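Close look at the chain arrangement
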Amino acid sequence: METFDLIIANGTVATAADVFTADIGIRGGKIVQIGQQLTGATRTLDATGKYVLPGGIDSHVHLSQPQGGGAVIADDFESGTRSALFGGNTTVLPFCLQEKGVPIRETLKDYHAQAEGECYTDVSFHLIVSDPTEQLIGQDLPALIADGYASLKVFMTYEDLRLSDGEILQTLDTARAHGATVMIHCENEDAIRFLIDKHELAGEIAPRAHAATRPVAVEREATHRAISLAEIADVPIVIVHVSNGQSIEEIARGRARGLKIIGETCPQYLTLTAKDLEGMDWEGAKYVCSPPPRDEAAQAECWTGLENGTFDLFSSDHCPFRYDDDRGKLTPLGRKNFRHIPNGIPGVETRLPILFSQGVMAGRISLERFVALTATNHARTYGLYPQKGTIAIGSDADITIWDPEARRTIRHADLHDACDYTPYEGIEVTGWPETVVLNGAVVIDRGVLTGTKGQGRYCPATPKKTPANT
Ligand code: DUC
Ligand code: ZN
Ligand code: ZN
């Protein structure tokens, strides 16, 4: 019997800490050796001239998540994880949304059933808390956190999802006691409602009004409040999808007070602006997401946050709705008034190439920082490290081999999701994830899918250590 199932030879290997030339020996789905001139494998991939990186982890994707208003998320577990895999990812974390009045275990069981046998990447789940009843806070969440559902998302916006400050504090308190990580969507719902009503009265109902009714102050105020609530509850938080410099300043100020705040930004805040919402006719609907893209100055501020460490996470917030579809962006009501256009855009397949090209190849961030922002920090934040997110002996053999010289133009026709457009159409990139190894199996081989659905597994998360669980 050979020593290894697979050797990845001669590549430039990067982790969040180092870049070095080495061979990687893989057996039984795990990395078992990192060294020079390894031999004795059933198969060897020659990675000369290539970058060998931990598989991407996208910790913010929405798949098969129920929506209101007759809209349906375009990607289920099959199409969403297939698209993720082609984009160089080996793990994604979608959200299981608590349904009001339904025991959360039932909803989770149903969500697992939808994923079972369908995934091309590994998955781990976040829970969205929409109804923090006494039963949920006192009984269900502590048990679920211990069972591997160790991250919770709460919303400060969306009429049917938003929690009051008191409810957020209750959720944070349970998270603190049991070692969960809380992600907060920071936008002030009352301020948004006020602005929407004003715009409607003035007859401003086209997609561009989406950005005008969710200005920076709406996000900055909520970010400040979320940080204050976390300070009061004495627990770390993740501020997700940060879009602008004023919100970044709130994170920096909180950190200066000694708080542990993890910041996340996304490709849309580096590449799109509110002007995209002004597209011909209703085309602006293709760019409706929340928070909305801002302006070039905000893009530069987000780049600075990625470069200087204010951001720890770079995620896609993949939340695809087909455009030309009455269950997508253009629901019967959505084509009449921006307030009914479902919020969210696709991006799970393009996240890594955009950051690699515009970040690493453009000289803005190092390869190590790219790895931290796209894999390692996600695993650390959400209880999957060191099983996931690094290249180390004992870790899962989840590896993406990049051709740093490949030049591509992003075209939706070349992507693998179930949407009908990409907001990043026409962007030119240098560098592409050409081969992907998942748990030791070559699942994309120089751009060709060799894996099968069902090869992706569910990975429970490990809660943080607390007095309650040690
Ligand atoms: N905003 C969200 O809060 N979730 C999904 C997508 C979006 O735009
Ligand atoms: Zn959100
Ligand atoms: Zn989201």
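Report on the accompanying structure. Source: prediction; values computed, not measured. (Residues numbered from 1 in each chain as written. Chains lettered and ligands numbered in written order. Predicted model: local features only at pLDDT ≥ 70, side-chain atom pairs only at ≥ 80, totals over all residues. Heavy atoms only, no water.)

**Examining the nonpolar core**
Ranked by size, the top nonpolar core spans 112 residues in total, and within it Leu127, Ile184, Ile237, Ile239, Leu355 and Phe370 carry the most contacts. If one sorts the elements of this core by residue count, helix α7 (residues 216–233) sits on top with seven residues. With 16 residues, the next largest nonpolar core counts Ala22, Ile391, Ala397 and Ile399 among its residues. (Core = buried A, V, L, I, M, F, W, Y, C linked by side-chain atoms within 4.5 Å. Buried < 20%, exposed > 50% of the residue type's maximum accessible area, 1.4 Å probe, protein only. Helix = DSSP H or I, 4+ residues; strand = E, 2+ residues; numbered from the N terminus.)

**Section: the layout of surface pockets**
Counted as a void, the largest pocket has a volume near 950 Å³. Lining the largest pocket are 44 residues, with Gln67, Gly68, Tyr158, Asp160 and Asn343 sitting closest to its centre. Listed by contribution, the elements that provide at least two residues to the lining of the largest pocket are β11 (151–155) and α5 (189–201). Per element, the largest residue contribution to the lining of the largest pocket is four residues, and it comes from α5. Per-class residue counts for the lining of the largest pocket are 15 nonpolar, 19 polar and ten charged. Along its surface, the second largest pocket is lined by 16 residues, and Arg176, Ala180, Val235, Pro236 and Lys464 are the ones closest to its centre. Of all the secondary structure elements, the ones that give two or more residues to the lining of the second largest pocket are α4 (165–178) and β13 (237–239). The greatest single-element share of the lining of the second largest pocket, amounting to three residues, is contributed by α4. (1 Å grid on protein atoms, 1.4 Å probe; cavity = no way out; pocket = protein on both sides within 12 Å on 5 of 7 lines; lining within 4 Å. Points joined across faces, edges and corners; volume = space filled by probe spheres on them. Nonpolar A, V, L, I, M, F, W, Y, C, P; charged D, E, K, R; others polar.)

**What about the side chain of Glu250?**
By secondary structure assignment, the location of Glu250 is in helix α8 (residues 245–256). Those residues in contact with Glu250, other than ones at most four positions away along the chain, are Arg220, Thr223, His224 and Ile227. (Contact = heavy atoms within 4.5 Å.)

**A closer look at the coordination of the zinc ion (ligand 2)**
Only Lys153 (NZ), His185 (ND1) and His241 (NE2) from the protein coordinate the zinc ion (ligand 2), and they sit 2.1 to 2.2 Å from it. For the zinc ion (ligand 2), the four donor atoms in the first shell make angles of 73 to 128° at the metal, so the coordination geometry reads as irregular. Sequence spacing among the residues donating to the zinc ion (ligand 2) works out to K-x31-H-x55-H. A spacing of 3.6 Å is found between the zinc ion (ligand 2) and the zinc ion (ligand 3). Separated by 32 residues along the polypeptide, Lys153 in strand β11 and His185 in strand β12 (residues 181–185) bring together distant segments of the chain. His185 carries the same exposure label as Lys153, and that label is buried. (Donors = N, O, S within 2.8 Å, 3.2 Å for Na, K, Ca; no water. Tetrahedral: all angles 85-135°; square planar, octahedral: opposite > 155°, others 65-115°.)

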